[in-house]
Amino acid sequence: MEARLAQLTTLQKLEILSDAAKYDASCASSGTAERNSVGGKGVGSTTGSGICHSYAPDGRCISLLKILLTNFCSYDCVFCINRSSSNVRRARFSVEEVVALTLNFYKRNYIEGLFLSSGIIRSPDYTMGELVRVAESLRLEHDFRGYIHLKLIPSASQELIDRAALFADRVSINVELPSETSLKRFAPEKQPLDIRSAMGGLKLKIDESVAERERSKRAPAFSPAGQSTQMIVGADDASDATILQRSAQLYGAYGLRRVYYSAFSPIPDSSKQLPLSEPPLLREHRLYQADWLTRFYGFEVDEIMDAAPGGMLDLSVDPKLAWALRHRGRFPVDVNSAEREMLLRIPGLGTRSVDRILAMRRFRRLRLDDIGRLVRSLRVLRQFIVTADWRPGAALDGERLKAQLAPKPQQLALL
């Protein structure tokens, strides 16, 4: 293996290992502690604007070097392109190469941070130790203050996992599939108990760190941007209801910042256990929308999925609009008097728009034009609200309302 690796240049390794990392969706930099190199101290920053692009909650685009340490792997997960039985081109970075790439890319203003994962080589502890060495070198030897996200190996020792979280802004452990039954079937080397134990241990450490930092600013930060996970959608027969219920359980039990959904992508020489084609990409999008509703809009999973045929989200309209159409008796809503909880359930209104409505209506009664200045479009929204000068009339009773409000088909460009 060493002879083959020696023949690859760093650029060739980068091409292989950045492509191998593209299947990992859990890559965002929101919620991190602010570090910067103001005053000539250190290298890097987690703030400002900046090869993977992620988006912070305020809309900033964050550029990250997203790579694997290696795509060699001793595990044979059925759904993974890098499984041990896969016939793919292999490569491996040294710790020093990853550190040098990160620093060089940052200094050229290509990136603002690093997302690092790896296949399992030799042992989980050995691989985890190599990942930790990268983060430790960047932070301690080079005073790197940019963003670092490390993908953890759940069967590695708790000591190594804890050390990784001391140097990384965010850490993540993939649950991979919505059910433990599917995980045992498709990834027999990965143990559900190891995943639960690692995520639970991280939550306790993160909570302890938050409490310590409230008492003393000098207390070390422990994964200040929290932990996240990823689920593959469409590799097994799990319904959207099952996926969202699993996500709700993960958010509640482990205090996750994000659950990422990754639509299954067919891989070369795949097992007959896997579907022949990928699920509609729109399904992944609808899951993210439903996830957002449960986290920021006060919806419960059962509300979103009530009357959903086969436990699947409607692909033709977004989950909030689908819920509103099933509960037409609760609309239209008067934006000048409704409680915040009900305003959040109106299709077309986001959390910021609702907060601005609540602030503005203390001074005057709002008209339709006022609402129009707060949102992107009134096309759907106007059917569900009452303002000082607008009422939708009998439109909500129409049987064809869903067809009228569904997004219009778009012609795709051929080139």
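Here the structure is a predicted model, which is why all the values come from computation and not from measurement.

1. Details of the overall build of the protein chain
- Looking only at helices and strands, the protein chain features 15 helices and nine strands.
- When the accessible surface of the protein chain is split by element, carbon and sulfur atoms take 51% of a total near 20,400 Å².

2. Notes on the packing of helix H7 (residues 192-215) against helix H8 (residues 240-254)
- Taken N-terminus to C-terminus, the directions of H7 and H8 make an angle of 45°; their axes are 9 Å apart at the nearest point. Taken together, the axes of H7 and H8 are oblique relative to one another. For the pair H7 and H8, the contacting residues are Arg 196, Met 199, Gly 200 and Lys 203 in the first and Leu 250, Ala 253 and Tyr 254 in the second.
- Considering only residue class, the contact of H7 with H8 consists of four nonpolar, one polar and two charged.

3. Points about the pattern of salt bridges
- Within the structure shown, the criterion is met by 20 salt bridges.
- Close ionic contact of Glu 180 with Arg 196 constitutes a salt bridge, the shortest N to O distance being 2.3 Å. Residue Glu 180 is found in helix H6 (residues 180-186), and its partner Arg 196 is found in helix H7; the two are separated by 16 residues along the sequence.
- Note on Glu 180: relative accessible area 30%, which makes it partly exposed.
- For Arg 196, a relative accessible area of 32% gives the class partly exposed.
- Notably, a salt bridge pairs Arg 367 with Asp 389, separated by 3.4 Å at the nearest N-O pair. A residue pair is termed long-range when its members are at least 10 positions apart, and Arg 367 in the loop between helix H13 (351-360) and helix H14 (368-372) and Asp 389 in the loop between strand S9 (385-386) and helix H15 (401-405) qualify at 22 residues.
- In this structure Arg 367 comes out as partly exposed when scored by relative accessible area, which is 46%.
- Bridged by salt links that share partners, the residues Glu 96, Glu 130 and Arg 133 form one connected network.

4. Things to note about the packing of aromatic side chains
- Throughout the structure, instances matching the rule amount to seven aromatic pairs.
- A ring pair is formed by Phe 105 and Tyr 110, whose centres lie 5.5 Å apart and whose planes are at 85°; its orientation type is edge-to-face.
- Note on Trp 292 and Phe 296: the rings are 4.7 Å apart at their centroids and 55° apart in plane angle, and the pair reads as tilted. Of this pair, Trp 292 and Phe 296 both sit in helix H9 (residues 281-296), separated by four residues, roughly a single helical turn.
- Through successive ring pairs, a cluster of aromatic residues spans Phe 299, Trp 323, Phe 331 and Phe 384.
- A cation over an aromatic ring shows up here: Arg 258 above the ring of Tyr 260, its NZ or CZ 4.6 Å from the ring centre.

5. Concerning unusual backbone geometry
- The amide bond that connects Phe 331 to the next residue, Pro 332, takes the cis arrangement and shows omega of 0°.
- In this structure, Arg 122 takes a positive phi of about 65° despite not being glycine.
- Structurally, Arg 122 is set in the loop between strand S3 (113-117) and helix H4 (124-141).
- Non-glycine residue Ser 223 carries a positive phi angle of around 45°.

6. Here's the deal with the pairing of strand S4 (residues 147-151)
- Of all the five residues making up S4, five are buried; the element is thus mostly covered by neighbouring parts of the structure.
- Of the two faces of S4, the one carrying Tyr 147, His 149 and Lys 151 and the one carrying Ile 148 and Leu 150 are both buried.
- Inspection of the sheet shows S3 paired to S4 by four bridges, in the parallel sense. Residue pairing across strands places Phe 115 opposite His 149, the latter belonging to S4.
- Taken together, S3, H4 and S4 form a β-α-β motif whose crossover is right-handed.
- In this fold, the crossover linking S4 to strand S5 (residues 170-172) by way of helix H5 (residues 158-167) has right-handed handedness.

7. Let's talk about the environment of Glu 300
- Counting through the fold element by element, Glu 300 comes out in the loop between H9 and helix H10 (301-305).
- On the basis of relative accessible area, Glu 300 is assigned to the exposed category, the value being 53%.
- Counting along the chain gives ten residues from Glu 300 to Ala 290, while the straight-line C-alpha distance between them is 9.5 Å.

8. Side note on the confidence of the model for the protein chain
- The predicted model of the protein chain has a mean per-residue pLDDT of 87, with 87% of residues at 70 or higher.
- Here residues 28-50 scores under 50 on pLDDT; set against residues more than four positions off or in separate chains, the count is 73 contacts.

9. A closer look at the pairing of strand S7 (residues 258-263)
- In terms of residue burial, S7 counts as a mostly covered element, since six of its six residues are buried.
- Taken together, the six bridges between strand S6 (residues 227-233) and S7 define a ladder with parallel strand orientation. Among the inter-strand pairings, Val 233 is bridged to a residue of S7, identified as Ala 263.

Thresholds, definitions, all that
- Residues numbered from 1 in each chain as written.
- Predicted model: local features only at pLDDT ≥ 70, side-chain atom pairs only at ≥ 80, totals over all residues.
- Heavy atoms only, no water.
- Helix = DSSP H or I, 4+ residues; strand = E, 2+ residues; numbered from the N terminus.
- Areas by Shrake-Rupley, 256 points an atom, 1.4 Å probe, with all protein chains shown as cover.
- Axes fitted to C-alpha atoms, helices over the stretch in contact; angles between N-to-C directions.
- Parallel < 35°, antiparallel > 145°, perpendicular 65-115°, else oblique.
- Contact = heavy atoms within 4.5 Å.
- Nonpolar A, V, L, I, M, F, W, Y, C, P; charged D, E, K, R; others polar.
- Salt bridge = Lys/Arg side-chain N within 4 Å of Asp/Glu carboxyl O.
- Buried < 20%, exposed > 50% of the residue type's maximum accessible area, 1.4 Å probe, protein only.
- Phe/Tyr/Trp six-rings, centres within 6.5 Å; stacked < 30°, edge-to-face > 60°.
- Lys NZ or Arg CZ within 6 Å of the ring centre and 35° of its normal.
- Pairing = 2+ DSSP bridges.
- Right-handed = clockwise from strand over helix to strand, strands pointing away.
- pLDDT = per-residue confidence, 0-100.

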